[in-house]
Every structure is written in C-alpha cells, then in structure tokens.
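Descriptive analysis of the structure
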Amino acid sequence: MRQKIDGTELVNIGMDSDSPLIYGLEFQARALATQVAETEAVRFFVGTQSLEFENQIHVVELDEKSNSICKKLYLHSAGEVWHLSSSPTDNNIISTCYNRISEGRNSCSMHASVWRIPETPEDSTGNGISDPCSATLPSLDHLSLLDTSEYGKDVLCTVFHPTEGNRVVSVVDNQFILWDLGEGYASAKVETTKLMNFTRNIIAAITNLRIMFLFSRDLDFNPNRQYYMASCGDDGWTKFWDVRSPTEPAVARSDHSHWVWSVRYNPLHDQLVLTSSSDSRVILTCVASISSEPYGHCMDDDFHDEGEEEKEKQSKMEDGVLAAYDEHEDSVYAVEWSTANPWTFASLSYDGRLVINRVSRAEMYRIIL
Amino acid sequence: MAGVDANPYDIDGPSFKPDDFFQKLLKECSLKQIMDKENEVIKDTQTLHSEMQTLVYENYNKFILATDTIRKAVRDYTRAQRVLEAYKDTPSFQGIQKDCHDILEELREKLRAQFNSREASARELTESVELLLRLGEPSEVLRSKFLSHATLRLHDQLSLLHERLELEDQDIIEFVDMGSSGFLSDICLVVASYNEIFLHKGKGETEMNSKENNAPAISQLGAFVREHMESYFSVVKKRVLIEQTDTSRSNVGSRGGALLVRALDRFHRRLQAIDTLFTLEKDLARSGMEVVLEAGHRQCLSHLEALKSHFRECLTQVRLGLVASPSSGIMPGEGSQQGTGNIGSSLQDLLASLISSIVGKTRAALQDLLGVREGLVVSFLDHIASVSSALCASQPKGGSPPPPLLLILSKLCLELAGSSVHVLMSEADEFFAVDGKLLSETLTSETEICNKFRSVAQQLLNNYVRSQGLAISQMLRKSVETRDWLHSLEPRTVRAVMKRVVEDVANVEAQVGALYEEGQRTKRGSDSSRRTYSVGVGRLRPGARATVWSGAPSQLDSSLAPNLQRLFYKRVDAFSPAEFSKVSVLTGVIKISLETFLECVRLRTFGRYGLQQIQVDARYLELYICRFVEDERLVHFLLDEILRSAIHRCLDHVLMEQSVVDSICERG
C-alpha cells in the first residue's frame, strides 16, 4: 500500500515551468534545508516527524529539464527530526536536531547529531526501481553526536558555519554552543560557549530581538547588507530591522493572518523575501526600499542611452507582496531558497507536502533586466 | 476743602478721583444721603450738559457769522478789485487798494494759519481753502498744504489706534468701530473735500481737458490715500493677530471667534462702502481684503489645531473611561447578565459621546468661523482618519492601544462614513455656497472621505480582531508550553485556562455586541462538501493510523471527511477580513485563538493523560464556544484538528470515553 502511495506522489500540474511542483511525504514534517554546498542542482533535504514509525530524510532534487522531481530516501532512526541544516562545504553532510523516544515510550529527549548521506551504489532516481519500504532503505551514517546534555534540554537548532564545514553552532535553551567537528566530522568537541568573535552580530541581534519581541519565531540576515535583518513571529508581523538602530523596524508588514514561522532572504537578490505561516500560505514580498538593489538590477553604464526602457528600469520597485502561494493546506513551517538557482524555492507544510516553486518570470525579468 | 490743591474728593477739582469719592460716600453717608447725593449729581450733570450745548451753539453761531463775514469780504473784494484796478492811478483809490490788499493779505495769513492748527476741522479747512483759491492762491501749493494738514489729523487717529492696540483694553469690535468712525470717516471726508475743491473746478471745460488738468491732483490724492490706508491696514492686521494669538482671549471659544468674525465683517463692509471713494486705487481694496482673508486662514488653522487637540482629549477620555469601567477589555466580565449589560452600555456611551462631541465641536467651529471647507472640515476629518489608522501600525506610538479603543474608533469611523461626514460636508458646502463645478474638480469629494473612513474602520476592526486574538492566544500558548504533557495526571477537570478563554470570548462578544449588529450565522448542517475538489495530492496516512480514529468521536471516523472539511474551511476562510458584524469579529478572534492552540499542541509531545486532557479541553470549548461563531463547522474542524494533532504527538494514544469527557465538561 505504501509503495503505491510513494511512487505516485510526484505531481506536476501543467506543462508550464512556472507552475509549482508538489512532492508528498507520507509523514508529517517541519524540517527543511537547502543543500548549501551544491551549486548546480536544485536540491533540498526534508526530515520527517513521526512518533510511531522510523523517520526519514528525503533528498529531493528538481530536474529542471524535465521539470520533475527526483528523490532519495534515507532512514533517520534516531528520532523525529525537528531541525535540519546542511554543510557549506560537503554535499553529503547534514546535521539534525531530533526527538528521541525512550525504550518504554514514556519519555523523550532532544539531541543533535551530524550525519553523512551514504553513497548508494545504484542510482535510484528512476521511479519505482527502489523499494521504498522502510526496512530496506539505506540508513544515514552517524558521524558524531553533539552532546548537549550539560547545557540544557531543549535543543532548538544546529547550524553550520557559513563557510567552514567543520564548525557548527547549537542553540540549547538560551545558550549558544560552538562545536569543532574535527577530522572527518567524527570527533565533535565543544570549542566555546562564548561566541564573541564568531557571530557577535547575530547574538547581539537575537538578544535585542528577545527584548523587543517575545513572539519572534525566525530571523534571517540580508546577505548583501548585513546590518539589515528580518524577523517574524507569533504576532503575524514580519519586521525588517536595521541592527544599528534597533528601536523600531525599518519596514513592517502584516500580510499573514497567523503566526509567521519562517523568513528567508533571497541569497542573491535581497529585495526578495519569503515568509511562511500557519495560515498555510507562503508569501513572496519585495522590500526594495532597504535592499542593496533599490532600483532593481544594478545599473550598467552601457544601457544609459536606452531612453524609456531605461527609465522604467530605474523606477524604484515598490515594497509589497509580489505573490502569495496557496498550494499548501496545512501550516507551512519552513521555506528555503535554493542555493543553486536563486529563483527557485521550496516550502514544507506539516501535512508532509513539499512544494517547489519559482519566482514568476515577470518578476524575474523586472529584477534582472 | 476747596482750598486744598490735591483733594481727590473735590468733584470740581482737577485731582478728583471718582472711585475714591464713591467709596467715601458709601462709607460715610446713610442710604438716604446717598440717594440725595445721586439726585444732586444727576441734576448737576444735566445742567452742565445743557450749558455745554449752549456754549457750542453760541460758538458755532459766531463761527458762522465769522465765515459769512469773511466770505462777504472776499466776494466784495473780488468785485471791487476790477474797479480798483481800473482806477489805481487815482491816489485815493490807490490808498483804498493798498488798504484792501493789506487786509486781505492778513486774511490770507489767517487762513493759511488754519493749515497749521490741529484743531481746525475738515470743514473749516475746506472753507479756508475755497476762499484762498478764490483769492488766487496757486492750486498746487494749496493741495499740498491741504493734504499735509489732513496727514496731521490722520496721523493722530492712527496713533490713537496704536495706543489702543498697546493698551488692549477694548475688544476687537470696539477697535474696528473706532477705526471706522475715526480714521476711515476722516479720510473719507478728506477725499470728498479734496474732490470737491480741487477736482470739480473746470466744470465748463470738456471731459478730456478736466481729466488732463486733474491728473496731477488725482495722482497726488492717490498717493496720499494709499500711504494712509496701508498704515491703517497694518494696524488692523496687528490687532487681529493679537486677537488670534492671545490664548487668554480664548479666541477658539465661541465668543472670541464670533467677535473676531463680526469685527472682520464690519471692517470689510466699511471698506466696501468707501470703496467707491477711492476707485483710483484698485489694489487697495484688495489689500484690505487680504487682511480679512489672512485672518480667516489663520483662524482656520487655529480651529483645526483646537479640533485636533479636542480629538486628542476625547481619545484620552475614552481611554480613561475604558480603564475606569470595570468591564474593560482585559478584565474578564463576571459573565453574569448584568456584567455584560454594563459593558454594552458603557461602550455605547463612550462611542456616543465621542461622536457627538466630534460632530458638535466641528459644527461649532464651522458656525463660529464660517470656516473654510478644505482647510478645516476636510483637514480635520483627515486628521481623525490618520490618527486612527496610526494606531494600527506595527509599533504605535505610546504603546499598543487597548482593544476596546480600536473597536470604538472603528465604529466611530464607520458612523462618520455613514452619516456624520455627509452632515458636516453639506453644512460646510451650504455655508460657503461651494460651487458645484469646483466641487467636482478640485475639492475633496464626500465619497472620497467616506471611503477613507470605511477603510480605516476596516483596518481598525481587523486590528481589534488581531489584538484580541493575540491576547487569548498568549494565554493558551503559555498554558500549553508550561505543562509537562508527557507525565500529567489523569484529567479530572477542564483546565482553568479554558474557562478563562470562554470568559474572554464572552467579554469580546459583549464589547462587540454593544457596537455592532449581530450579523449572519450559517445554519448548522448545511452541506459541507458542496465544493467539489479533486484530491490530487493525498495527505493519506499510513493504514495503522486508522486504528487511532476508531476510538475517536464520530467526527473523526473517516480520514476523508476531515480532508473535505479542510478544503472547505481553507477555501472559505482564506484570510477574509472581518465584516462589521458581531459574529464575524468573534469568528476571527476564535479562529486566531484556536489556530494558536493547534500550533502549540503540535510543538509538544503527549502522554496518554496529556492527550485526554486535550480531549476534555477541546470538548469544553466545543460546548461553549460554538454559539459565538458564524459557522460552527469552523470550530468543529479546528478542534478536531487539535485533537488529531495531539493524537499524532502522543506516545500512548488512548482516548477517553466520550461519556466521561462529557460529564467532566458538565461539571465545569
């Protein structure tokens, strides 16, 4: 029964490559990450949440030529995945935060680990070739457990350093712990719990945010202008802050009707910001007013004599909602841009639906032309 | 007594002080004596008055006699002069001529002397000038002398006005009247006499000629009039400015404003009346008008400011009222009938007083000022709208507003859009007879303002829903986050927080019900699957899940039904703004709250009894919260979803017997 479900869950609505691709997982899920080290393929990791069954990590790849989805499944038997992140240097290294249930099923605890995705001898991209039955799925190689027990119970997330693949930060209760994963990621040890040099900005900002916003759920930094950051939270607002003057937001929007769970700057075009919410919508917002490209694409001197067309380009983009995506029917807990293709992004709702979408051509042309 | 020099009680003495005298009388004399004294004083006054009149009459008579004599002398002289001229060789005639000449020279001197005397009235002066002209004095010299004498007098008038200006002892109407009767009459008289004496001389000449001849005279007069009128205007302007800037005068109060308006009105009328006199200086009339317009404009501004601050006060009042009344939004009402009634009436009172005071104040300002449509009414309405919508910002200044304030303001905006704007605007249009064409082209239209208010009302209501939802959400969230659901005890009661939630919702209902209509409710049992939707993508669950459902209440029986329900609910409810009705607002609040509950449940892991507690809580909410919403299916769906999520997040999912759940809920 499950085989049937699994095999037919690739759905491609319509032929237009602008239309979204939908991939259904059989379990509930809230962990999503893009494969950061990958520069060619649009690839995402998804971790499932089930208290009863063996949990899985899905590696979902968008085949841009055929506009279809290829996937690989791996077992994550340690527990249900609450958070996922991928290494910036090695395609096959991920870290997870997970909830492990005790033997007697009467308690559970949060842990964090680093894993390697095993090389599978046979490529199982072809549909129906692999047996998706959980018993025969390959397991992830466990590299090291990040022992957080002495720092607290609640492991909120574990994130890789933006450029150094062997350094990881965990957030445990209200502490930040920096790990050095060592050779082959196998000998994780605590490097420091005082992150003064590593991400001072982030900590300052988070501390500020905690004071300013008890409701904050997620935040992201503008990749091009690092003193701008976005936060979102339970009050339904998405706010953009200038961390140099954090008394009030530079821009504030309340386009969602419930909690905003995730906010993400586009890695290249920082006027594009995605938010996902438990009102089951994903919204693409333009915040050109505080982006590094307030006039769309950076000006090129060669184009200066082109008259009207040029003027149109120079006209400032307006802040506002560019698109609202409502392919989801349940709360959308995560949204991520692809690192390989800056116009593609994935969003994941609790019911296990992964939607891969693109910025519409019209908006795309407005920005790059 | 009379011998003492500085006796303040001597009624005939130079240092007489009426107040002291009066006090002395009161102190020293009996009532009878005082009354006698009064009669005496009255009699004396009358006698003095008639004496004065007699004196004036006599003098006047003498004066007329004198002028008559002089006039006769001049006439005789001019007639005699020819004869004298003809026979001047004759020594006797020569003597007579010399005598006459000397006499007339003396007369001329006397007449000229009039120019230098301040006391000489305009009329006397005219007389003299006429005589001098006849005696062959050159007209240019006389004109200058005449005008310079007039200048002297007008200057006196102006300095008198200046004095008054500094003293500030009269109101503005008195001031304007004084200016009118003193300065303006004088200058009119001067202009009239000037015209008479110097401009109508050449009656026999042709029109052209007279114009040519009179040109220098006219321009001289023009310059004169302009110079003086301008200084007069500047005095008036100063006075008006004092009137408007002096806060102690409470120029915004109806009295002060009315005075100013009447004064300006008189000023303007007076100017128009004499406008005919100096047609030669067209722009003078305009600059007089400017004084009035400027004052009007300033008055508009000050009224606008006053209205704004009044509105601010009103808001503060409402805020205070909300805090003072025990039924304010944050405090749960006792849930009793009485409590709800109180909330209703107090909110309604607040709203009613807010509306009436805004409309009343604006209307008063209008009547007082006969203000300017755009400058006052529209600006003020704009101001209300922008203040209200500022409360909806992400971080409103002065902290987030209390939810009932949002509710009241939303209703206020709606009411304004509904009727009051129309009343005010049409009143304004009526007062100023606003040109219809102009209205449609350049002025802010009524519909524009109404639309603005309607959208602000919507914004405020959405904000109200959001903030009330958030308040309840906070409560739910804390209650779920702070509990160990994995190891909780078997549920015996509904958690207290659920009762709080129901109370708060009832409270919201009372607030909204006080101001908004009930609204449409969807009947229960209407076809929930009327929207056919092909379920292309399954959210099918592993078969093992089905065993979970079998223990659940009947709604959870099939896993397809919730999916259909979900489709229905999501489509219907996809972020539709709250309508202006009670059920719609409550639906919004409840939806936000239950969604929060759902999200919180999904973040936790439950044991068997934790799950059962959620089951009890959800059932309790189902029993008591359905009555508030538009469509019960929404509540059913969300509560099912909460329970379903709890089951998913449960390590040992065994549900409680439905009958046990019900009996726990009934016990409360």
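Quick caveat, the model's predicted, so the values are computed rather than measured.

1. Description of the overall build of chain A
Counting its regular elements, chain A contains four helices and 25 strands. Evaluated residue by residue, chain A yields a buried proportion of 44% over its 369 residues. Look at the contacts in chain A between residues 6 or more apart in sequence, and 52% of them connect residues 24 or more apart.

2. Section: the overall build of chain B
Across its full length, chain B holds 21 helices and zero strands. Evaluated residue by residue, chain B yields a buried proportion of 32% over its 668 residues. Taking all contacts inside chain B whose residues are at least 6 apart in sequence as the whole, residues at least 24 apart take part in 81%.

3. Some words on the sheet that holds strand β4 (residues 42–49) of chain A
Residues and elements named next belong to chain A. Strands sit in the order β3-β4-β5-β6 across an open sheet of four strands; the sheet is antiparallel. At either margin of the open sheet sits one strand with a lone partner, and together these are β3 (28–34) and β6 (68–76). In this sheet, neighbouring strand axes are inclined to one another by 25 degrees on average, regardless of whether the strands run parallel or antiparallel. Summarising the sheet, strand β5 (residues 55–63) and β6 pair through nine bridges and their orientation is antiparallel. Bridge pairing in β6 links Gln56 to Leu75.

4. Things to note about the packing of helix α15 (residues 496–515) of chain B against helix α18 (residues 582–602) of chain B
All names here are of chain B. Packing of α15 against α18 leaves a shortest axis separation of 9 Å and a crossing angle of 155 degrees. One element, α15, and the other, α18, form an angle in the roughly antiparallel class. Crossing hand, α15 versus α18: right-handed. Facing Val501, Val505, Val508, Glu509, Val512 and Gly513 of α15, the residues of α18 in contact are Lys582, Val585, Leu586, Val589, Ile590 and Ser593. Here the contact of α15 with α18 is composed, by residue class, of eight nonpolar, two polar and two charged.

5. Some points on the sheet that holds strand β16 (residues 228–233) of chain A
All names here are of chain A. Ordered in space as β15-β16-β17-β18, the four strands form an open sheet in which the pairing is antiparallel. The outermost strands of the open sheet, each flanked by one partner alone, are β15 (216–221) and β18 (251–253). Across the sheet, the mean angle from the axis of one strand to that of its neighbour is 20 degrees, orientation sign disregarded. Of the strand pairs in this sheet, β16 and strand β17 (residues 238–242) are connected by five bridges, and their pairing is antiparallel. Each residue of the ladder has a partner; that of Ala230, found in β17, is Phe240.

6. Side note on the environment of Ala428 of chain B
Within the secondary structure layout, Ala428 of chain B lies in helix α12 (residues 403–432). Ala428 of chain B gets classed as buried once you count the C-beta atoms within 10 Å, which come to 21.

7. Section: unusual backbone geometry
All names here are of chain A. Phi is positive for Arg105, which is not a glycine, with a value near 55 degrees. Mapped onto the elements of the fold, Arg105 is located in the loop between β8 (93–101) and β9 (108–116). Since 12 C-beta atoms lie within 10 Å of it, Arg105 is described here as exposed. At Ser280, a position not held by glycine, the phi torsion is positive, near 65 degrees.

8. Digging into the confidence of the model for chain B
Residues and elements named next belong to chain B. Per-residue pLDDT for chain B averages 74, and the proportion of residues at 70 or more is 74%. Put simply, helix α16 (residues 545–550) is where chain B has its lowest mean pLDDT, 35, and helix α19 (residues 608–625) is where it has its highest, 91. Here residues 249–254 is a poorly scored stretch, pLDDT under 50, and it has 15 contacts once near neighbours within four places are set aside; other chains count. Counted against residues more than four places away or in other chains, residues 327–341, with its pLDDT under 50, gives 29 contacts. Complex prediction metrics read pTM 0.68 and ipTM 0.83.

9. What about helix α21 (residues 658–667) of chain B?
Residues and elements named next belong to chain B. Burial in α21 covers these residues: Val661, Ile664 and Cys665. Down the axis, α21 shows its buried residues gathered within 95 degrees of arc, on one side only. Turned more than 90 degrees away from the buried face of α21, the exposed residues are Ser659, Ser663, Glu666 and Arg667.

Parameters and conventions
Residues numbered from 1 in each chain as written. Chains lettered and ligands numbered in written order. Predicted model: local features only at pLDDT ≥ 70, side-chain atom pairs only at ≥ 80, totals over all residues. Helix = DSSP H or I, 4+ residues; strand = E, 2+ residues; numbered from the N terminus. Buried ≥ 20, exposed ≤ 12 C-beta atoms within 10 Å, placed from the backbone. Contact = placed C-beta atoms within 7 Å. Pairing = 2+ DSSP bridges. Axes fitted to C-alpha atoms, helices over the stretch in contact; angles between N-to-C directions. Parallel < 35°, antiparallel > 145°, perpendicular 65-115°, else oblique. Left-handed = near helix turned anticlockwise from the far one by under 90°. Nonpolar A, V, L, I, M, F, W, Y, C, P; charged D, E, K, R; others polar. pLDDT = per-residue confidence, 0-100. Arc of directions from axis to C-beta.

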